[in-house]
Amino acid sequence: MPNQSGLWRLRSHALDPAAHTLVMGILNVTPDSFSDGGSVMEGEDVVVSRAVERGLGMVADGADIIDVGGESTRPGSEPVPAARELERVVPVIEGLNSSGVIVSVDTFKPEVAEAAIGAGAQILNDVTGFVDPGMVAVAVASRAGLVAMHMQGSPHALPIHPVYSDVVSEVRSFLETTALRLIAAGVEPESVAIDPGIGFGKTLDHNVALLADLRSLVELGYPVLLGASRKGSLGLVLRSYGFDIPAADRDPATAATTALAISQGISIVRAHNVASTVQVARIADAIVATRINNISGSERSSWQV
């Protein structure tokens, strides 16, 4: 049974995507993530104060959630032992939680998920779609908000030539089955969000097909998270028009993707550049759902705007 309330329920919070599209700021505490790897690191070690400051800066820019990840899942990345991942994420989660920030942990390891919950994380973001029974057990026990993502292959062994007969229907079926499996295990339906997994075991054509038909996922009744920020697929589209744009400079491409995704009804967008994404989301919200808040009647009626 899908979400009936419209709220996304976390461990001790409830977020309302109907009020505005939720923005999840990306805080990678890794040396090798594709866009911002190493930005809060000295060698292999996290500078916790720098990472917390970065997260608080994103909250000041309008992020609703900060997603902390201690293991890169970019193509060609190397696995990280759980002990190292714990060293990276737990102190940062503790620092953000102590400042009242809603924190998500990006992990597929049960021991990391459990420790992150103990440090104050409200959300478990699992790129493998909770295929590990240990992750399901942590999800049920913690009553955390969940993001279940689709991927073909595994985090460090994505297929070189992924094949689908119909990528949209196959991703939709996987996410629906995953959500129902989590609910059958004891997770509350209102806790589940889903993510099509742009760039994870999918070609450019697959990714574009999913982006063009996000409505089919929204129709399942769970909040849909989109994680397309600065992705390689955006770079490939731009390259086809003669523009070779590095990841850090793809915020305009991300903005276009975000606006079109919101027009299809997604609930959450994951972003590197929070300030830019918040502006895009609020304008898209106003146009799509006429969600215009805190503006006086005289301002609304002025022809000069």
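Please refer to the structure placed before this passage.
Here is what the cut-offs are and how they apply
Residues numbered from 1 in each chain as written. Predicted model: local features only at pLDDT ≥ 70, side-chain atom pairs only at ≥ 80, totals over all residues. Heavy atoms only, no water. Helix = DSSP H or I, 4+ residues; strand = E, 2+ residues; numbered from the N terminus. Buried < 20%, exposed > 50% of the residue type's maximum accessible area, 1.4 Å probe, protein only. Expected span 1.5 Å × (residues − 1). Core = buried A, V, L, I, M, F, W, Y, C linked by side-chain atoms within 4.5 Å. Contact = heavy atoms within 4.5 Å. Pairing = 2+ DSSP bridges.

1. A closer look at the overall build of the protein
Along the protein, the regular secondary structure elements total 11 helices and 12 strands. When each of the 305 residues of the protein is scored for burial, the buried share is 51%.

2. Let's talk about helix α9 (residues 251–263)
With 13 residues, α9 ought to run about 18 Å at 1.5 Å a step, and its terminal C-alpha atoms sit 18 Å apart, in line with that. Turning to α9, its buried residues number three or more, namely Asp251, Ala253, Thr254, Ala255, Thr257, Thr258, Ala261 and Ile262. Just beyond α9, the residue with positive phi is Gly265, at close to 105°.

3. Points about the environment of His156
Assignment of secondary structure puts His156 in the loop between β9 (145–149) and α5 (167–185). A relative accessible area of 27% means that His156 is categorised as partly exposed. Between the C-alpha atom of His156 and that of Pro79, which follows or precedes it by 77 residues, the distance is 6.6 Å.

4. Notes on the nonpolar core
Core analysis: the biggest nonpolar cluster contains 63 residues, and Val68, Ile93, Leu96, Leu124 and Phe130 have the highest contact counts within it. The greatest single-element share of this core, amounting to seven residues, is contributed by α5. Here Ile93 is in contact with Val68, Val103, Val105, Ala116, Ala119, Gly120 and Ala121, once residues within four sequence places are set aside. Counting 12 residues, the second-largest nonpolar core is a separate cluster that includes Leu22, Ile65, Ile102 and Ile268.

5. Here we look at the pairing of strand β10 (residues 192–195)
Covered by surrounding structure in β10 are Val192 and Ile194 together with Ala193 and Asp195, the residues of both alternating faces. Relative to β10, β9 runs parallel, the two sharing four bridges. Paired with Met149 across the strands is Asp195, a residue of β10.

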